[in-house]
Structures are given as C-alpha cells and as structure tokens.
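Each chain, letter by letter, is given below.
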Amino acid sequence: DVSVSLLSTDISEAYRVADSLVKVARKDEHKVKAYMLLAKLYENEGDLNKSLKNAMLADTISTAMTNATWQAITSGYLSTTFHRLGLLKLATHYLKKAETANDQQLNSKEKTLTKINILHERAIHSMEVKDFNKAQMDVFSAAQLIIAEDDDDKRAILIKATNDQLRGIIDFHLGNLVQADSLLNASLSKIGAIESNLQPYIYRALADVCLETGNTGKALSYLKQIEPNLKKSNVEDLRILTYLSWANYFEKTNNYAKALEFKVKAQD
C-alpha cells in the first residue's frame, strides 16, 4: 500500500511508515522489503543516490540469503536505475543477474511477474537506441505471459498496465496512432482507481498521440493532468518528458517563444 498508493497521496507519511519498517525489521526478508520500499520512495523523489544505496543494501542481503525471488527483484530494480543513469554495462550486468535468479524461482506466479518485468526492461533498453521493432518483440513476449486473474494484487495490476503502456508508446513511434491510443487508454483502465505514478506517464504519451493527430485541445487537457504529479514529486525523467511534450504543444500552436522556453527547461 505504501509503494503503490501512499507515495502518490502523502509522501511524508510514506517515508514515516517506510522508516518505521526498517527499524522494526528483524528477518532478512523483511529488511529487504523495507530497504526496497525506501529505494522506491527516494526514486519517486528523484534522489537516485539514496535510492541506489537502499537498493544495494537490499540486493546484498537477498544475495547472502540466496533468496531467488528477491534477488530477481533487487537486481531488476538496479538494472533499471543504472540504465536511467546511462551506466549501460552495469544495467546489463544486473539484468542478467535478475534473469539468472528468476530462473531459480519456485513460485510460478512470482516468476512470471518478474519475467514480465525483465522483458519490459529489455524493451526500454531497445527503445533507448531507437530499435522499436526489437522493443515490440519483447513486449509481445511479455503480453503472452499475462493472465488476467480475479485475485490480482496491485503490483500485478500495475505490471499488466505497464505492458499496455509500453506497447502504446512503441506503436506511437512506429506510426500506429490508433493502436497507440487504444493501448494507452487500456492501461489507464487497468489502473482504475489505484493511485500510481504510472498515470502521468500515460497522460504524457496520450498528449503526444493527440499532438501527432492534430488534436491540440485534448493534448492540452492531458498535459494539465500531469501538473499535480510534478508538484508532488521530483521524478526527473517525467519532468523532462513533460517539458518536451509542452514544447511540442507550443510548436503545434505556433507559440515558438514558449516552445523554446520548454526545450531549454528540458535541456537544463
């Protein structure tokens, strides 16, 4: 609840609860969970230094206790974070470590969810180098592993929503705008009433689709829906992407001074 909902509604309370969980943790698995929770909270605030420190602590403990489930999760998280920092060799190292650990998992549902996460990370790597066809193959592979279940927890729902989001972004870059719009809205529908920091990324992608189809009014509506998230948190990549979308919006509406202003903001 803290990692999915509370961090989106009351970040101070989320830190208080996470810090308390670190202090009361006695079992190694509980320590791993608490450190990973703090890592996610710091990531949400844009403090990747503290996020990495907590994730590394969790990874060290999960490796020492030879817990394949948590090794896969912590290594996958480190791969994503190092990738965001541009440290691609480290990102690849931890992604391979996550895959090896995941192959050793006994819990079939957890193994499948982690495999989907790993495929998503592969797709993001491919998107970074503009290989959208390779990225599409990875998200299609992930989609084949997805099974809709009535007892899905919030994490499972968000993983499935992320798959639709990534497929939508890839289709956008491949020029399949109708399919992109459909998938991004399907992602929002899966999230429903769950408070999540995935939603502003979807709004940003939907704004880009609208701008590409010339619907600047709807694009403006989506961009405005992101503003509360930017005020609440300091997620750097979301801020950059949003500024670039604002720049695109102002270019489409012939306000070139504002377009330049937001391009400079993104570059800064």
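On a predicted model such as this, the values are computed, not experimentally measured, just so you know.

Colleague: Help me understand the nonpolar core in this model?
Modeller: Counting 41 residues, the largest nonpolar core has Met127, Ile191 and Ile202 as its most contacted members. Elements with a minimum of two residues in this core: α7 (108–128), α8 (132–145), α9 (154–173), α10 (177–191), α11 (199–213), α12 (216–232), α13 (236–252) and α14 (256–267). The element contributing the most residues to this core is α11, with nine residues. Not counting the four nearest positions on each side in its chain, Ile202 is found in contact with Gln165, Leu184, Ser187, Leu188 and Ile191.

Colleague: Would you mind showing me how to read the pattern of salt bridges here?
Modeller: In a structure, side chains of opposite charge can pair up when their charged atoms sit close to one another. What the rule picks out here adds up to nine salt bridges. The closest approach of N and O atoms between Lys134 and Asp138, which form a salt bridge, is 2.9 Å. With a gap of four residues between them, Lys134 and Asp138 both fall in helix α8, about one helical turn apart. Looking at Lys134, the relative accessible area reads 32%, which means it is partly exposed. Here Asp164 makes a salt bridge to Lys190, at a shortest N to O gap of 2.5 Å. With Asp164 in helix α9 and Lys190 in helix α10, the pair connects residues that are 26 residues apart, well separated along the chain. Using a relative accessible area of 8% as the deciding quantity, one classes Asp164 as buried. Relative accessible area serves as the criterion here: at 38%, Lys190 is assigned to the partly exposed category.

Reading guide: rules and limits
Throughout, a residue's number is its position along its own chain's written sequence, starting from 1. Since the coordinates come from a predicted model, pLDDT governs what is reported: local features require at least 70, and pairs of side-chain atoms require 80 or more to be given and counted, while whole-chain, interface and lining totals use all residues. Computation of side-chain values: all heavy atoms of the structure, hydrogens and water removed. To qualify as a nonpolar core, a set must consist of buried Ala, Val, Leu, Ile, Met, Phe, Trp, Tyr and Cys residues joined through side-chain atoms within 4.5 Å. A 1.4 Å probe rolled over the protein chains alone gives each residue an accessible area, and that area as a share of the maximum for its type sets the label: buried under 20%, exposed over 50%, partly exposed in between. Only DSSP runs of H or I covering at least 4 residues are called helices, and only runs of E covering at least 2 are called strands; the numbering of each starts at the N terminus. Residue contacts are counted whenever heavy atoms from the two residues lie within 4.5 Å of one another. In the sections that follow, a salt bridge refers to a side-chain nitrogen of Lys or Arg positioned within 4 Å of a carboxyl oxygen of Asp or Glu.

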